Each structure stands twice: as structure tokens, then as C-alpha cells.
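Residue strings, one per chain:
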Amino acid sequence: MEKKLSQSLEDYLEIIYKKIKENKKVKAVDISRQLNVSRASVTEALNKLAEKGYINYEKYGDILINELGIKKAKEIVSRHNELSLFLKNLGVGANEAEETACKIEHIISDNIQKRIKAFNNFCKQNPNIKF
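Criteria and thresholds
Residues numbered from 1 in each chain as written. Predicted model: local features only at pLDDT ≥ 70, side-chain atom pairs only at ≥ 80, totals over all residues. Heavy atoms only, no water. Helix = DSSP H or I, 4+ residues; strand = E, 2+ residues; numbered from the N terminus. Buried < 20%, exposed > 50% of the residue type's maximum accessible area, 1.4 Å probe, protein only. Contact = heavy atoms within 4.5 Å. Salt bridge = Lys/Arg side-chain N within 4 Å of Asp/Glu carboxyl O. Expected span 1.5 Å × (residues − 1). Polar contact = N/O pair within 3.5 Å; in protein donor to acceptor, adjacent residues only side chain to side chain. Axes fitted to C-alpha atoms, helices over the stretch in contact; angles between N-to-C directions. Parallel < 35°, antiparallel > 145°, perpendicular 65-115°, else oblique. Core = buried A, V, L, I, M, F, W, Y, C linked by side-chain atoms within 4.5 Å.

Thoughts on the overall build of the protein chain
Of the regular secondary structure elements, the protein chain holds 6 helices and 2 strands. Reading the protein chain from its N terminus to its C terminus gives the helix and strand order α-α-α-β-β-α-α-α. If you line up the protein chain on its principal axes, its C-alpha atoms span 55 × 30 × 25 Å. Here the protein chain holds 131 residues, and 34% of them are scored as buried. Across the protein chain, the fraction of contacts at a sequence separation of at least 24, relative to all contacts at a separation of at least 6, is 59%.

Here you go:
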């Protein structure tokens, strides 16, 4: 059974997924630098993600994401992308849309996410309508 992740753990999983997707090895120090947090904080988060079954991690080794982790990370990235596109469709600038999407992606309900996706599809099918 999939376990709920905190906002922070979702951010860690998203970073791991994106780096691995870019064919890059991921180490704790990389995450520490990207999130500007201590290595101890990263180690704690990685241990939690491993305990919940999303990654395979051993101290000082590469971080590997497993099938459950990939599935969850894809959901997080999809939420982020849909939110960012939604905000851009409303006329929000790209940087502000990305920054705001990062904050909202963790708290949005499935119902609202579905409605945002439908709105984005409407905008794609009706490019002449501006909001």
C-alpha cells in the first residue's frame, strides 16, 4: 500500500526522479546542494523514502528509484506541470507560474487537479480564447 508523503519528501522524490531521468547518478550531496539543506537532512529524508519503499538507498551509495517511486514521482511531476500550465494559461509569467506550482502541487486535491487538467485541455483546444 502506498504511503502518504510529506511536501518535503515529495520534493526529494521529484529531484531524484528528474536527475535519474536525465541519466545522471544521484548522490545525497547533489540533493543537498539543489535544495540548499544539510547533508544530514538529506540522509534523513532518503532513509524515510527508503523505509516507505520508494527508493533504494545505502549511505554513501547511489540513490536508485524503484517502480513505486517512479509511479509516485510521475504523479508529482504531472501535478506540477498541469498547475504550471494552468497558471500560464491565466497569464501568469513563467517564473512565477513555476514557483507557485511548486508550492501548490503538494496540497491540491484530486478533484481540483482533474478540473485544472480539463481547463488546460480546453485552452489547448481553444487557443484564441485569452483569460
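Remarks on the pattern of salt bridges
Oppositely charged side chains may form a pair once their charged atoms are brought near each other. One pass over the full model with this rule turns up 9 salt bridges. We note a salt bridge from Arg79 to Glu10, for which the minimum N-O separation is 2.9 Å. Residue Arg79 is located in helix α4 (residues 67-89), and its partner Glu10 is located in helix α1 (residues 7-21); the two are separated by 69 residues in the primary sequence. One exposure class covers both Arg79 and Glu10, and it is buried. Measuring nitrogen to oxygen at the nearest pair gives 3.2 Å for the salt bridge that ties Glu14 to Lys18. Highlighted residues: Glu14 and Lys18, both in helix α1, separated by 4 residues, approximately one helical turn. Residue classification places Lys18 among the partly exposed positions, given a relative accessible area of 37%.

Let's talk about α4
Along its 23 residues, α4 runs 33 Å from first to last C-alpha, staying within 8% of the 33 Å computed at 1.5 Å per residue. All buried positions along α4 are accounted for by Gly69, Lys72, Ala73, Ile76, Val77, Arg79, His80, Glu82, Leu83, Ser84 and Leu87. Packed against the buried residues of α4 are α1, β2 (64-65), α5 (94-104) and α6 (110-125). The backbone nitrogen of Leu68 has a side-chain oxygen 3.2 Å away, supplied by the residue at the start of α4, namely Asn66. Just past α4, the residue Gly91 takes up positive phi, approximately 95°.

Section: the packing of α1 against α4
Put simply, α1 and α4 touch, their axes get as near as 9 Å, and they point 100° apart. Here α1 lies roughly perpendicular to α4, going by the angle between them. On α4, the residues that touch Glu10, Leu13, Glu14, Tyr17 and Lys18 of α1 are Gly69, Ile70, Lys72, Ala73, Lys74, Ile76, Val77, Arg79 and His80.

Quick notes on the nonpolar core
Of all hydrophobic cores here, the largest spans 22 residues; its most connected members are Leu13, Ile16, Ile31, Leu46, Leu49, Ile55 and Ile63. Within the residue set of this core, elements represented by two or more residues are α1, α2 (28-35), α3 (39-51) and α4. Looking at this core element by element, the count peaks at 6 residues for α1. Setting aside anything within four residues of it in sequence, one finds Ile55 in contact with Leu13, Ile16, Leu46, Leu49, Ala50, Ile63, Leu64, Ile65 and Asn66.

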